[in-house]
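Working through the structure, step by step
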2 protein chains.
Amino acid sequence: MSSQSARSIASRQYPCEKCPLRPLPAFREFDKQELSFISTFKRGELAVDKGATVLVEGSHSAHLYTVLSGWAFRYKLLPDGRRQILNYSMPGDLIGLQGSLMGEMQHSVEALSPMLLCVFEREQLHELYRNYPGLAYDITWIASREERMLDENLLSIGRRTALERAAYLIAFIASRARGVGLNGKTPVRIPITQQHIADTLGLSLVHTNKTIRKLMDRKLVMWRDGGCEVIDYDGLKKLARWEGLGEERRPLI
Amino acid sequence: MSSQSARSIASRQYPCEKCPLRPLPAFREFDKQELSFISTFKRGELAVDKGATVLVEGSHSAHLYTVLSGWAFRYKLLPDGRRQILNYSMPGDLIGLQGSLMGEMQHSVEALSPMLLCVFEREQLHELYRNYPGLAYDITWIASREERMLDENLLSIGRRTALERAAYLIAFIASRARGVGLNGKTPVRIPITQQHIADTLGLSLVHTNKTIRKLMDRKLVMWRDGGCEVIDYDGLKKLARWEGLGEERRPLI
DNA sequence: CGGCAACTTGAATCAATTCAAGACACGTGG
DNA sequence: CCACGTGTCTTGAATTGATTCAAGTTGCCG
């Protein structure tokens with residue numbers, strides 16, 4: 001629950017033309033004009049500590065961000081403190097688009113690990129829409145992708161059993177992480193606690209723990225270094241009756 | 001579970017300039033150019049029977065729609081038939097945007113009542129983005145609004161009690177319905193069965209019935225004519241600890 | 001009048017929460 | 001170097017909440 005604020009670093013280390021994410025097979029090619037506009041769109045970079053709050057519900061942020069590195073999660077709170085995690089953000093994902101469009105943030109975002117964010121000016125979105133219809137289309141596409149993920153999560157929480165839910169969630173996160181090359185030599189380590197899983201699945205911490213234990217007994221996942229590692233990805237998918245998110249190449253703003 | 005297909009009516013009764021929805025206070029003003037483009041964007045109207053399937057998961061629809069009148073719901077199925085309702089659609093809402101952008105439909109849509117839909121050509125979306133950045137922005141805004149509603153639903157299913165969930169859902173739907181003037185003289189009648197509510201809240205039919213009964217005992221809602229009527233809107237909001245969706249005026253495509 | 005769909009209800013069973021406590025690793029200050 | 005606090009994970013037991021099973025009611029349409 002440490003709620004420190006984000007630390008800023010003004011210097012920009014990565015010009016968009018040398019973006020380390022862009023060459024990944026997960027992302028579509030951009031032409032020179034688009035790239036150079038994004039370059040001017042980018043205001044700088046922001047370094048964020050683990051546990052820091054990137055955006056707060058109720059605020060009116062002047063910025064939106066793309067994750068360069070690190071993990072975060074989006075959540076909402078009920079007045080009495082009950083927390084629901086809505087989705088996770090990882091490299092290549094846009095953060096704060098909803099707030100940029102609708103004015104006020106309706107959810108908060110917290111870093112799960114140290115992060116590096118590309119900072120964009122909300123005001124310039126209009127210019128993007130005026131002059132770069134392709135990028136505008138991409139942004140709508142990104143919003144739709146988020147919607148699709150939420151649909152899946154809703155199906156999961158509403159209709160899957162606890163064991164299926166846990167299997168689905170871990171497979172889902174691992175699948176996305178692999179898409180952005182987060183599995184170097186070793187399998188991906190997902191930097192979340194069981195409390196995060198509980199707050200994502202809509203279960204209590206105790207029951208989540210017992211459920212994850214079953215997944216570990218079945219040798220589907222492993223818990224190590226305060227994080228989760230997938231042992232048998234296909235086993236998780238099968239248990240969850242999940243088809244996987246047939247992801248084509250996507251835009252990177 | 002009647003799964004008849006939609007019946008088409010080619011004739012267009014409502015030119016966009018005389019759209020019965022547009023004058024409603026819920027929608028923002030459009031200038032003449034935008035209006036005339038939308039007019040050419042519109043291919044015709046589609047009449048749909050109650051219970052008909054408008055769009056099916058897995059299909060590649062060439063169209064997207066705006067609801068002129070009537071109600072529908074969006075849902076996903078698990079392989080074994082478990083159903084999760086994701087959201088409801090009512091007049092002024094866009095249907096099938098996600099499918100238009102991503103190619104394949106990832107959810108199905110079924111009519112809750114007879115409906116009238118404006119039909120648009122998916123192909124022309126690109127032209128819209130190229131020539132009408134304001135409308136393009138609107139479409140992204142609409143996608144974000146859907147995302148926001150899903151966030152709320154996720155919070156509800158994940159973290160609210162059964163009674164709070166039911167109260168939230170009914171207040172939420174009623175609030176949206178009132179926004180588009182569906183409460184003429186009498187209170188809105190929401191044309192859904194308790195099975196729909198169960199499949200939205202992630203509860204069994206039996207337990208949903210007992211939960212709704214509690215709401216009726218508290219004189220918050222009423223069940224009549226195979227549908228639901230709100231008696232005490234503020235009471236529902238309070239019980240659900242829901243602030244309401246502070247809706248400003250929104251675009252109507 | 002029969003049949004079907006939606007709504008009700010009680011009882012038995014199962015799943016999930018809450019309560020309570022302990023284990024373990026890690027970092028910090030004495 | 002050790003004591004202490006904190007955060008995370010773990011486990012058992014009691015309780016509550018939700019599901020399933022089984023029947024019955026009601027209203028409507030052909």
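So, here's what we can say about the structure.

Analysis parameters
Position labels on residues start from 1 in each chain and follow its written sequence. Chains carry letters from A onward and ligands carry numbers from 1 onward, assigned in written order. With the structure being a predicted model, the display of local features is reserved for residues of pLDDT at least 70 and the display and counting of side-chain atom pairs for 80 or more, all residues being used for whole-chain, interface and lining totals. The basis for the side-chain values is all heavy atoms of the structure; hydrogens and waters are excluded. All axes are obtained by fitting lines to C-alpha atoms, using only the stretch in contact for helices, and the reported angles, taken between N-to-C directions, cover 0 to 180 degrees. The numbering of helices and of strands both runs from the N terminus, where a helix is a DSSP run of H or I of at least 4 residues and a strand a run of E of at least 2. The labels follow the angle: roughly parallel below 35 degrees, roughly antiparallel above 145, roughly perpendicular from 65 to 115, and oblique for the rest. A clockwise turn of the near helix away from the far one marks a right-handed crossing, whereas an anticlockwise turn of less than a right angle marks a left-handed crossing. The criterion used for residue contact is that any of the two residues' heavy atoms lie within 4.5 Å. When residues are grouped by polarity, Ala, Val, Leu, Ile, Met, Phe, Trp, Tyr, Cys and Pro land in nonpolar, Asp, Glu, Lys and Arg in charged, and all others, Gly among them, in polar. Summed over both partners, the accessible surface that disappears when two parts come together, traced with a 1.4 Å probe, is what is meant by buried area. In what follows, salt bridge is the name for a side-chain nitrogen of Lys or Arg lying within 4 Å of a carboxyl oxygen of Asp or Glu. Here a polar contact is recorded for every N or O atom pair within 3.5 Å, except that within protein the pair must consist of a potential hydrogen donor and a potential acceptor, and residues adjacent in sequence are included only if both atoms are side-chain atoms.

1. Regarding the packing of helix α4 (residues 133-159) of chain A against helix α5 (residues 162-179) of chain A
All names here are of chain A. The N-to-C vectors of α4 and α5 enclose an angle of 160°; their axes lie 9 Å apart at closest approach. Considering their axes alone, α4 and α5 lie roughly antiparallel with respect to each other. Between α4 and α5 lies a crossing of right-handed hand. Contacts from Arg 145, Met 149, Glu 152, Asn 153, Ser 156 and Ile 157 of α4 reach α5 at Arg 165, Tyr 168, Phe 172 and Arg 176. A breakdown of the residues in the contact of α4 with α5 according to their chemical character gives four nonpolar, two polar and four charged.

2. What to know about the interface of chain A and chain B
With 49 residues of chain A at the interface, the matching set in chain B holds 50 residues. A combined buried area of about 4800 Å² lies between chain A and chain B, and 64% of that area is made up of carbon and sulfur atoms. Contact with chain B buries area across many residues of chain A, yet Tyr 137, Leu 154 and Arg 159 of chain A alone supply 17% of it, more than any other trio. Inspection of the chain A/chain B interface yields six salt bridges. One salt bridge connects Arg 159 of chain A with Asp 199 of chain B, and the closest N-O pair in it is separated by 2.7 Å. At the surface where chain A touches chain B, the tally comes to 17 residue pairs in polar contact (both at pLDDT 80 or more). Going through the elements one at a time, β5 (72-77), β6 (83-89), α2 (97-102), α3 (125-131), α4 and α6 (194-201) of chain A are the ones with two or more residues in the side of chain A that touches chain B. If one sorts the elements of the side of chain A that touches chain B by residue count, α4 of chain A sits on top with 21 residues. Its residues assigned to classes, the side of chain A that touches chain B comprises 18 nonpolar, twelve polar and 19 charged.

Purely spatial values, then, with no claim about function.
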